[in-house]
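Summary of structural features
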Amino acid sequence: GVLAALIDPESAAGRGRTMTAEDVPARPTLLLVDDEDSILSSLKRLLRREAYRVVTANGGQAGLDELARGPVDVIVSDQRMPGMSGVDFLRQAKELYPDTVRMVLSGYADLKSITDAINEGAIYKFLSKPWDDDALKAEIDDAFRRKALQDENRRLSRELQTANTELIRVNAQLQQALDVQRQRTELGEAALTATQEIVNCVPLPILGVDSDGLLVFANAAAAKRFARRALLGATVAAV
């Protein structure tokens, strides 16, 4: 039930069509790493009914090989293993697959190295041996919940970045359109000024009348011809 956010409860068949392989979301994956086959078997039996997929690796290098095969969400690794300790394995896992949630399963004798790894961010949590079944399942469940939140935050960050990029593009287009409009306005104003100057130099009286019959323009010849009248704003009939 805790992993319901990761798995879509709605089936394609329930929506009125045949469900295909593409409709089935991939189950989140747990990787168990231990050099003792009996421990791996015990953990697999304990977790066999959980909503996530469980894969195992016999040692640190085998764990890295398993990580290279496909996506893994949560890792639980033993600490004392020959060849590569659990902390060293999880440090490499962090460098290669930083999105994984990494936990170490060990006795308290290794607490110093484990504490250092936790402080470095290579390990999310320390789980003690021997473990309590219910407590272990709860810790793993919490790790999957943390992974789901991390994935959602990354998705939202990508969407925000995409939205910001689109906003910058739209703003650039708008600014370009405003620049073109401003250039057109400046050209229009310059053309109007030039036209007024030309009309003002015409030796014949010229009056501009709006749709209400009011005088809105008079060139120099008109101003001279009607020198005793205030032209602009007056009606044609009055003039």
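Described in the following lines is the structure provided in the data block. Note on numbering: residues in each chain are counted from 1, in written sequence order. Given that this is a predicted model, residues contribute local features only at a pLDDT of at least 70 and side-chain atom pairs are listed and counted only at 80 or more, while totals for whole chains, interfaces and linings are drawn from all residues. With hydrogens and water stripped out, all remaining heavy atoms of the structure feed into the side-chain values.

Secondary structure elements follow DSSP: runs of H or I no shorter than four residues count as helices, runs of E no shorter than two count as strands, and numbering proceeds from the N terminus. Looking only at helices and strands, the protein chain features six helices and seven strands. Put simply, the protein chain runs from its N terminus to its C terminus through helices and strands in the order β-α-β-α-β-α-β-α-β-α-β-β-α. A 1.4 Å probe rolled over the protein chains alone gives each residue an accessible area, and that area as a share of the maximum for its type sets the label: buried under 20%, exposed over 50%, partly exposed in between. Taking all 239 residues of the protein chain together, 28% fall into the buried category. Any pair of residues with heavy atoms lying within 4.5 Å of one another is described as a contacting pair. The long-range fraction of contacts in the protein chain, counting pairs at least 24 apart against all pairs at least 6 apart in sequence, stands at 50%. Accessible surface computed for the protein chain: about 15,200 Å², of which carbon and sulfur atoms make up 55%. The Shrake-Rupley method, run with a 1.4 Å probe, gives the accessible areas here. Residue values count only the displayed protein chains as cover.

The next point concerns the sheet that holds strand β1 (residues 29–33). By this definition, two strands are paired if DSSP reports at least two bridges between them. Spatial ordering of the open sheet is given by β2-β1-β3-β4-β5, a layout of five strands whose pairing is parallel. Single-partner strands in this sheet number two, and they are β2 (53–57) and β5 (125–128). Each adjacent strand pair in this sheet contributes to an overall mean axis angle of 20°, direction not counted. Where β1 lies against strand β3 (residues 74–78), four bridges are found, and the strand directions are parallel. When the bridges of β3 are listed, Leu 31 appears paired with Ile 75. Sheet strands in contact with helix α3 (residues 86–96) are β1, β3 and β4 (101–106), and its direction is about 155° off that of β3. To obtain an axis, a line is fitted to C-alpha atoms, over the contacting stretch when the element is a helix, and the angle between two such axes runs from 0 to 180 degrees between their N-to-C directions.

Right, let's get into the packing of aromatic side chains. Here is the rule: rings of Phe, Tyr and Trp (six-membered ring for Trp) pair when centre to centre is within 6.5 Å. Planes less than 30 degrees apart are stacked, more than 60 are edge-to-face, and the remainder are tilted. In the structure shown here, the tally under the stated rule is one aromatic pair. Taking the centre distance of 4.5 Å and the plane angle of 20° together, the rings of Tyr 52 and Phe 144 count as stacked. Residue Tyr 52 is found in the loop between α1 (37–47) and β2, and its partner Phe 144 is found in helix α5 (residues 133–201); the two are separated by 92 residues along the sequence. On the basis of relative accessibility, which here comes to 2%, the residue Tyr 52 falls in the buried class. The class for Phe 144 is buried, based on a relative accessible area of 1%.

This next bit is on the pattern of salt bridges. Salt bridges are identified by distance alone: a Lys or Arg side-chain nitrogen within 4 Å of an Asp or Glu carboxyl oxygen. In the structure shown here, the tally under the stated rule is 16 salt bridges. A salt bridge links Arg 145 to Asp 141, with the shortest nitrogen-to-oxygen separation between them at 3.8 Å. Residue Arg 145 and its partner Asp 141 are located together in helix α5, separated by four residues, close to a single helical turn. The class of Asp 141 is buried, set by a relative accessible area of 13%. Residue Glu 159 is joined to Arg 155 by a salt bridge in which the shortest nitrogen-to-oxygen separation is 2.4 Å. Of the two residues, Glu 159 and Arg 155 are both situated in helix α5; the distance of four residues between them amounts to about one turn of the helix.

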